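What follows is each chain in one-letter form.
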2 protein chains.
Amino acid sequence: MARLDDQFAFLLEADRLKQVNRATTLTDGSRRENSAEHSWHLALYAMVLADQARPGVNIDRVIRMLILHDLVEIDVGDVPIHSANGAAHGSAEVAAAEARAADRIFGLLPADVGPGLRALWAEFEAAETPDAIFAKSLDRVQPVLHNIASGGGTWVEYNVTLEQLETRVGQKVARGAPAVWEYLRARMRGFFGPA
Amino acid sequence: MARLDDQFAFLLEADRLKQVNRATTLTDGSRRENSAEHSWHLALYAMVLADQARPGVNIDRVIRMLILHDLVEIDVGDVPIHSANGAAHGSAEVAAAEARAADRIFGLLPADVGPGLRALWAEFEAAETPDAIFAKSLDRVQPVLHNIASGGGTWVEYNVTLEQLETRVGQKVARGAPAVWEYLRARMRGFFGPA
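In this text, all values refer to a predicted model and were calculated from it rather than measured experimentally.

Rules used in this analysis
- Every chain begins its residue count from 1, and numbering advances along the sequence as written.
- The lettering of chains begins at A and the numbering of ligands begins at 1, in the order of writing.
- With pLDDT at 70 or above as the cut-off, local features in this predicted model cover only qualifying residues; side-chain atom pairs require 80 or more to be listed or tallied, and sums for whole chains, interfaces and linings still use all residues.
- Computation of side-chain values: all heavy atoms of the structure, hydrogens and water removed.
- By definition, residues are in contact when any of their heavy atoms lie within 4.5 Å.
- When two components associate, each loses some accessible surface as probed by a 1.4 Å sphere; the sum of these losses over both components is called the buried area.
- We define a salt bridge as a contact between a side-chain nitrogen of Lys or Arg and a carboxyl oxygen of Asp or Glu at a distance within 4 Å.
- Whenever two N or O atoms come within 3.5 Å, that pair is a polar contact, provided that in protein one can donate a hydrogen and the other can accept it, and provided that, for residues adjacent in sequence, both atoms are side-chain atoms.
- Secondary structure is summarised from DSSP: a helix means a run of H or I of at least four residues, a strand means a run of E of at least two, and numbering begins at the N terminus for each.
- Relative accessibility thresholds used throughout: buried, under 20% of the residue-type maximum; exposed, over 50%; partly exposed, between the two (1.4 Å probe, protein chains only).
- UniProt positions are given in the numbering used here, feature names are shortened, and annotations may be inferred rather than shown by experiment.
- Superposition of the copies used a least-squares fit over C-alpha atoms from residues whose pLDDT is at least 70 in both.
- By convention, a stacked pair of Phe, Tyr or Trp rings (six-membered ring in the case of Trp) has centres within 6.5 Å and planes under 30 degrees apart, an edge-to-face pair has planes over 60 apart, and any other such pair is tilted.
- The rule for a charge over a ring is simple: NZ of Lys or CZ of Arg within 6 Å of the ring centre, and within 35 degrees of the ring normal.
- Comment: axis = line fitted to C-alpha atoms, over the contacting stretch for helices; angle = value between 0 and 180 degrees taken between N-to-C directions.
- Working definition: roughly parallel below 35 degrees, roughly antiparallel above 145 degrees, roughly perpendicular at 65 to 115 degrees, and oblique for all remaining angles.
- Crossing handedness: left-handed means the near helix sits turned counterclockwise from the far one by under a right angle, and right-handed means the same turn made clockwise.
- Basically, the charged four are Asp, Glu, Lys and Arg, the nonpolar ten are Ala, Val, Leu, Ile, Met, Phe, Trp, Tyr, Cys and Pro, and anything else, Gly included, counts as polar.
- For this quantity, the arc is that covered by the directions from the helix axis to the C-beta atoms.
- What a helix is expected to span follows from its residue count: subtract one and scale by 1.5 Å.

**Side note on the interface of chain A and chain B**
No. 1: Each partner contributes residues to the interface: chain A has 53 residues there, and chain B has 53 residues.
No. 2: Roughly 4,700 Å² is buried in total at the junction of chain A and chain B, and carbon and sulfur atoms are behind 68% of that figure.
No. 3: At the junction of chain A and chain B, the tally comes to 8 salt bridges.
No. 4: Here A:Glu33 ties to B:Lys18 by a salt bridge, and the two come within 2.7 Å at their closest N and O atoms.
No. 5: Summed over the shared surface of chain A and chain B, the result is 28 residue pairs in polar contact (both at pLDDT 80 or more).

**Section: the pattern of salt bridges**
Residues and elements named next belong to chain B.
No. 1: Evaluation of the coordinates by the stated rule reveals 37 salt bridges over all chains.
No. 2: The salt bridge partner of Arg104 is Glu13, with a shortest N-O separation of 2.8 Å. One end of the pair, Arg104, is in helix H5 (residues 92-106); the other, Glu13, is in helix H1 (residues 2-14), with 91 residues separating them in the sequence.
No. 3: A residue is classified by how much of its surface remains accessible, and Glu13, at 15% relative accessible area, is buried.

**Comments concerning the UniProt feature "domain: HD" (unreviewed entry) in chain A**
No. 1: Under the present numbering, the feature "domain: HD" (unreviewed entry) in UniProt falls on residues 14-181 of chain A.
No. 2: Overall, residues 14-181 of chain A shows 60% helix and 5% strand. The separation of its end C-alpha atoms is 32 Å.

**Points about the relation of the copies chain A and chain B**
The two chain copies are connected by a rotation around an axis plus a translation along it.
No. 1: Rotating chain A by 180° and translating it 0.0 Å along the rotation axis places it on chain B, where the RMSD comes to 0.0 Å. What the rotation and shift describe, once combined, is the action of a two-fold rotation axis.
No. 2: When the interface residues of chain A are mapped onto chain B, 100% of them again lie at the interface, so the same face is used by both copies.

**As for the packing of aromatic side chains**
Residue and element names in this part refer to chain A.
No. 1: Going through the model one piece at a time under the given rule, you end up with 8 aromatic pairs over all chains.
No. 2: Every member of this aromatic cluster is reached through a ring pair, and the members are Trp155, Phe191 and Phe192.
No. 3: Just above the ring of Tyr183 sits the side chain of Arg187; from NZ or CZ to the centre is 3.7 Å.

**Re the environment of B:Leu49**
No. 1: Looking at the secondary structure, you find B:Leu49 in the loop between helix H2 (35-48) and helix H3 (59-68).
No. 2: Residue B:Leu49 is classed as buried on the basis of its relative accessible area, which comes to 1%.
No. 3: The contact partners of B:Leu49, leaving out residues within four places of it in the chain, are A:Leu4, A:Gln7, A:Phe8, A:Leu11, B:Phe134 and B:Leu138.

**Brief notes about the packing of helix H1 (residues 2-14) of chain A against H2(B)**
No. 1: Here H1(A) crosses H2(B) at 160°, and the two axes come no closer than 11 Å. Of the possible angle classes, the one that applies to H1(A) and H2(B) is roughly antiparallel. Considering how the two elements wind past one another, H1(A) and H2(B) form a crossing that is right-handed. Packed against H1(A), whose contacting residues are A:Gln7, A:Phe8, A:Phe10, A:Leu11 and A:Ala14, the element H2(B) presents B:Trp40, B:His41, B:Leu44, B:Tyr45 and B:Val48 at the interface.
No. 2: Each residue belonging to the contact of H1(A) with H2(B) can be placed in one class, and the counts come to 8 nonpolar, 2 polar and no charged.

**A short note on the side chain of A:Ser137**
No. 1: Within the secondary structure, A:Ser137 sits in helix H7 (residues 130-149).
No. 2: Setting aside anything within four residues of it in sequence, one finds A:Ser137 in contact with A:Lys172, A:Val173, A:Gly176 and A:Ala177.

**Let's talk about helix H10 (residues 178-188) of chain B**
No. 1: All of the buried residues along H10(B) are B:Val180, B:Trp181, B:Tyr183, B:Leu184 and B:Met188. The buried side chains of H10(B) occupy one side of the element, clustering within an arc of 160° when seen end-on. Facing away from the buried side of H10(B) by more than 90 degrees, the exposed set consists of B:Glu182 and B:Ala186.
No. 2: The elements touched by buried residues of H10(B) are H1 of chain A together with helix H7 (130-149), helix H8 (153-157) and helix H9 (162-176) of chain B.

**Details of the packing of H9(B) against H10(B)**
All names here are of chain B.
No. 1: It is at 7 Å that the axes of H9 and H10 come closest, and there the two elements cross at 150°. Taken together, the axes of H9 and H10 lie roughly antiparallel to each other. Counted together, Leu162, Leu165, Glu166, Val169, Gly170, Val173, Ala174 and Gly176 of H9 and Pro178, Val180, Trp181, Arg185 and Met188 of H10 form the full contact between these two elements.
No. 2: Its residues placed into classes, the contact of H9 with H10 shows 9 nonpolar, 2 polar and 2 charged.

**Observations regarding H5(B)**
Residues and elements named next belong to chain B.
No. 1: The terminal C-alpha atoms of H5, which comprises 15 residues, lie 21 Å apart, in line with the 21 Å expected from a rise of 1.5 Å per residue.
No. 2: Among the residues making up H5, those that are buried are Val94, Glu98, Ala101, Ala102, Ile105 and Phe106. In a view along the axis of H5, the buried residues occupy a sector of 105°, so they form one face of it. Set apart from the buried face of H5 by more than 90 degrees, the exposed residues are Ala92, Glu93 and Arg100.
No. 3: In this structure, the buried side of H5 is in contact with H1, H3, helix H4 (73-76) and helix H6 (114-126).

Structure follows, in structure tokens:
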């Protein structure tokens, strides 16, 4: 049963994502969110906000991407988007470490399963296909909701300006789900000073 | 934007599932697992163990079911399968409370979204369609893996016998994924006394 050994080795390893904490808190601010429950929440976002996707987006592929998208954090940890004044997230160093993590983690799976899942993760990271663009936009929307609900959250903690938020978050949300960004923008202005 | 108001009200409400704790711990035994991260883990199980499903099972529908399947616990809490000597889980009282919770929670959504998701939840609960049977089998497999990994876990805590495990867990796993139950059975015998 070497095949099931490999499948379960991967699934047990994946359990560790429940111990990777993000900068964002739960909506009630009671504790930081971990990357496993965050990934669950995003899959639900995809199901519920499917009507906000551009024509041609395959929601089932988006859901699969979102389930996988943070697994590399088991090795690399979460790199908050506003940390190091926005310079750490997406840096070449972080990208290289995440690629090594993807090799290791998806490499635990049987050869007919692992490469397909690794390719789906790489597609998400590249953010070039319509499915990946929509998935990325949801990944940026959820912390905005939590920060609004918890009275500013990581925007206060990292001293983020409205302009930085537009660059780091708004442009990415608007690319995949423009009406959602318009909606959120109107609701978060109160957390920032006059432009 | 009443539509997005309703969609986000549901997604914010769903955040509360991250605070519903299950009987099962993480694989390292460090803390109890919550129902949101459990649901994420099961979606990953469906992706990775798809080859164990019977012919005709639609894995994308299974993933959607698993993402939704525990949302009613926001109102009802998790009812451990081995609690009250196996009598609480699936009782008429619990089923009625969960149906009321489903009405409330899925009722937050727009009328063209909520009923479809509620129907998918009801299909999972009924466990009659091939998709629901496979989804239920994964829901029973995951705690077995965690109990093996953590040295007995809830089997020790609830004083479960191998016979009770066969009835409460084994039959349901075997119905959807027979080879998986055979595999797990061989690996968990050591946690129970001689039959």
